[in-house]
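Structural description and commentary
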Amino acid sequence: MRAFRQVIPAARVLSCLPVALALDLPAAGQASIAWTQPTGGTTIAVDDANNVFTATYVYQLGAEVSVTKRDSQGNLLWTSSFDQTEPTKWENQPFVATDPQGNVIVTTTLMSGYSNPVNAASVVMKFAADGTFLWRRVYENSFDGSSLRKCLVDETGHVYAIGIGPGPFGFTTKIRKFSPAGDTLWTYNDGDGIGAPLNMKFAPDGDLLVVGRGIIGSVNGYARIGRDGQKVWSLAGVQSLTVGDLSADSQGNSYLVHGNFQAAGGSVVRKLGPSGQTLWSQVYGGTGFRIEVGPDDQPVVCGFPNSGSGGAYFFKLDPAGNLLWTNPDADGPLSLLLHAQMAVDASGDTYLAAGTLFEMAVCKVDANGNSAWTKTTPGSYAYAIALGRAEGSVYVVGGQTAKIADAGEGQWLNLAQGLPGAVASRLDGEGIWGQGGRLDLLLTQAPANAPGLWVFGASAVSLPLFGGTLVPSPDALLAYTTDAVGRSLLGYPVANAVLAGSQFWVQAWSLDASAPAAVGATNALRCTAP
């Protein structure tokens, strides 16, 4: 980092621009439907350019999954599919994910029959960013009775598909890892009986967090699997009348949630250490069955206020299990049903995809537990959501596809121009640059325990540096060191008024032994004051 000779407070560049005597900020609850499109689906994903991918299926013999790509303005770019020609089969319940190159991965289940269809086989497909079909893998054979639930794609483009199928322990949860070219690298078969898979997500260190549910009985199962396909820990036979969920912090700890079986009510949250040992377990209110750990390493739980009632109930805990806040009525009078997905953004705000039986719905609760907004739009109910990347938006799919513009997240633009090492580090920004607002920057996928600099500029200079591009003018530099999983979080409360339309640019540069000059850089962001 020899090119930077001076480190000065980051606040300087954020306050050096002309200020206004008064500034009217958008209200915290100001969100609007930016657009809707009639294309529905069961899954949604975005790429780094905020292109939107959805997929849907047709219950018809000989039919195949259809994948749609739209730009961030809702314009149709292409629709693509693989021509599945077996006349007695059809593809069901797809899931989509994008890779760092903008390609889209699709998992689906090949079904056989019409009036009483059965699972035939698991299918993983890959399409290029322009919609060109690249490859398709059917396993273990064309009729082994297996099925797929979803997939994840890591920062190097490797694919992890989870479902249920035959293996050495019978018909159990199965995870298969594919290379970017579609080659099988390993297969993990559950031998502990965690049940059929409900969900899989990445931990901050890259491990796979798996949640299962017994096919019979009221039991949940949980597991943490390494990127090498080896079990870190597994926990089966957890009694619960509700489904459960699992998330993790940057220290290797895991948090799981399930129902309080003994009292037939309440939410049980259990914290597990890196090897799966129970650190604490406590009962809280509501009927929580989803959990996410935010960038502050603190878990947020979501569910219904009571068993058998609609609504959106949230609460947040500190790492010791102390209750930080509760929001028992985040959605107001809507009494949301059909909770489908939960997500947390770079500033710790939480989002819930649900429905009203007649409309899709997304509910947002801010990092302090306040109800931010709940937006509904036609489309029966929401199957899934995807958070826009550095643009203050949420994409939702169900009976339709829609974009929600969230003024409370500020005006950010992803300018790309990263300098990757072995993987591409990523910078996300949230918040309003204006008096009383707060800016949050989250660096992820950088080398662990690496020193670096936040670079802030009042203009863009785009200078060549270390084989990459330094986008901001280096007007203010702030040192950081990433944590054990390659993250760094910077929060900045804005005390002064800012002239409407003012802009700043920011980028993060880290020491990275895998980069050509041993220095890597994130994508650059531009923030605009409203």
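Residues numbered from 1 in each chain as written. Predicted model: local features only at pLDDT ≥ 70, side-chain atom pairs only at ≥ 80, totals over all residues. Heavy atoms only, no water.

Some points on the overall build of the protein chain
In terms of regular secondary structure, the protein chain is built from 1 helix and 43 strands. Taking 2.2 N^0.38 as the reference for a compact globule, 530 residues should give roughly 24 Å; the C-alpha atoms of the protein chain span a radius of gyration of 23 Å, in line with that estimate. Overall, the C-alpha framework of the protein chain stretches about 70 × 50 × 45 Å when taken along its three principal axes. In the protein chain, which comprises 530 residues, the share counted as buried stands at 57%. Within the protein chain, residue pairs in contact and separated by at least 24 positions form 53% of the contacts whose partners lie at least 6 positions apart. Entry remark: accessible area of the protein chain is about 19,900 Å², with carbon and sulfur atoms responsible for 52%. (Helix = DSSP H or I, 4+ residues; strand = E, 2+ residues; numbered from the N terminus. Rg over C-alpha atoms; globule rule 2.2 N^0.38 Å. Buried < 20%, exposed > 50% of the residue type's maximum accessible area, 1.4 Å probe, protein only. Contact = heavy atoms within 4.5 Å. Areas by Shrake-Rupley, 256 points an atom, 1.4 Å probe, with all protein chains shown as cover.)

Thoughts on the environment of threonine 85
Within the secondary structure, threonine 85 sits in the loop between strand S5 (76-80) and strand S6 (89-98). It is 14 Å that separates the C-alpha atoms of threonine 85 and valine 58, two residues lying 27 residues apart in sequence.

Structural notes on the sheet that holds strand S17 (residues 231-239)
One open sheet accounts for 4 strands, arranged S14-S15-S16-S17; its pairing is antiparallel. On the outer flanks of this sheet lie strand S14 (196-202) and S17, each paired with one strand and no other. Each strand axis lies, on average, 15 degrees off the axis of its neighbour in the sheet, ignoring direction. Judged from the 6 bridges that link them, S14 and strand S15 (residues 208-213) form a sheet pairing that is antiparallel. Its bridge partner being in S15, proline 197 is matched across the sheet by glycine 212. (Pairing = 2+ DSSP bridges. Axes fitted to C-alpha atoms, helices over the stretch in contact; angles between N-to-C directions.)

A closer look at the nonpolar core
Residues Leu441 and Trp454 are the most contacted members of the largest nonpolar core, which totals 22 residues. Of all the secondary structure elements, the ones that give two or more residues to this core are strand S35 (438-444), strand S36 (451-457), strand S39 (476-481), strand S40 (488-493), strand S41 (503-511) and strand S43 (524-528). Residues in contact with tryptophan 454, not counting those within four places in the same chain, are Leu427, Leu441, Leu443, Ala476, Leu477, Leu478, Tyr480, Ser488, Leu490, Val506, Gln507 and Ala508. Membership of the second largest hydrophobic core comes to 15 residues, among which are Phe53, Trp78, Ala121 and Phe127. (Core = buried A, V, L, I, M, F, W, Y, C linked by side-chain atoms within 4.5 Å.)

Thoughts on the side chain of lysine 69
If you trace the backbone, lysine 69 turns up in strand S4 (residues 66-70). Within the buried set, lysine 69 has no salt-bridge partner at all; the shortest N-O distance to an opposite charge, 4.4 Å, is to aspartate 47. Polar contacts involving the side chain of lysine 69 include one to the main-chain carbonyl oxygen of alanine 129, which spans 2.8 Å. Aside from chain neighbours lying at most four places away, what touches lysine 69 is Asp47, Asn51, Val52, Phe53, Asn75, Leu76, Leu77, Trp78 and Ala129. (Lys, Arg positive; Asp, Glu negative; His and termini not counted. Salt bridge = Lys/Arg side-chain N within 4 Å of Asp/Glu carboxyl O. Polar contact = N/O pair within 3.5 Å; in protein donor to acceptor, adjacent residues only side chain to side chain.)

Let's talk about the pattern of salt bridges
Taken as a whole and judged by the stated rule, the model has 21 salt bridges. Of the charged contacts, one joins lysine 364 and aspartate 406 as a salt bridge, the two residues approaching to 2.6 Å between their closest N and O atoms. One end of the pair, lysine 364, is in strand S28 (residues 359-365); the other, aspartate 406, is in strand S32 (residues 401-406), and 42 residues separate them in sequence. Each member of the pair lysine 364 and aspartate 406 is classed as buried. For the salt bridge of aspartate 428 with arginine 426, the shortest nitrogen-to-oxygen distance reads 2.9 Å. For aspartate 428, a relative accessible area of 12% gives the class buried. Residue arginine 426 is classed as partly exposed on the basis of its relative accessible area of 25%. Via salt bridges that share partners, Asp349, Lys364, Asp406 and Glu409 belong to a single interconnected network.

Observations concerning unusual backbone geometry
Looking along the chain, the bond that leaves tyrosine 139 and enters glutamate 140 is cis, with omega of -5 degrees. With respect to the helices and strands, glutamate 140 occurs in the loop between strand S9 (133-139) and strand S10 (147-153). Here phenylalanine 466, not a glycine, exhibits a phi torsion of approximately 55 degrees, which is positive. Phenylalanine 466 gets classed as partly exposed once you look at its relative accessible area, which sits at 23%.

Let's talk about the sheet that holds S35
By way of backbone hydrogen bonds, the strands of a sheet pair with one another, either parallel or antiparallel. Read from one edge of the open sheet, 3 strands run S34-S35-S40, paired in antiparallel fashion. Among the strands making up the open sheet, the edge pair consists of strand S34 (426-430) and S40. The sheet shows a mean angle of 10 degrees between the axes of neighbouring strands, direction not considered. Relative to S35, S34 is paired through 5 bridges, and the arrangement is antiparallel. Its bridge partner lying in S35, leucine 427 is registered against leucine 443.

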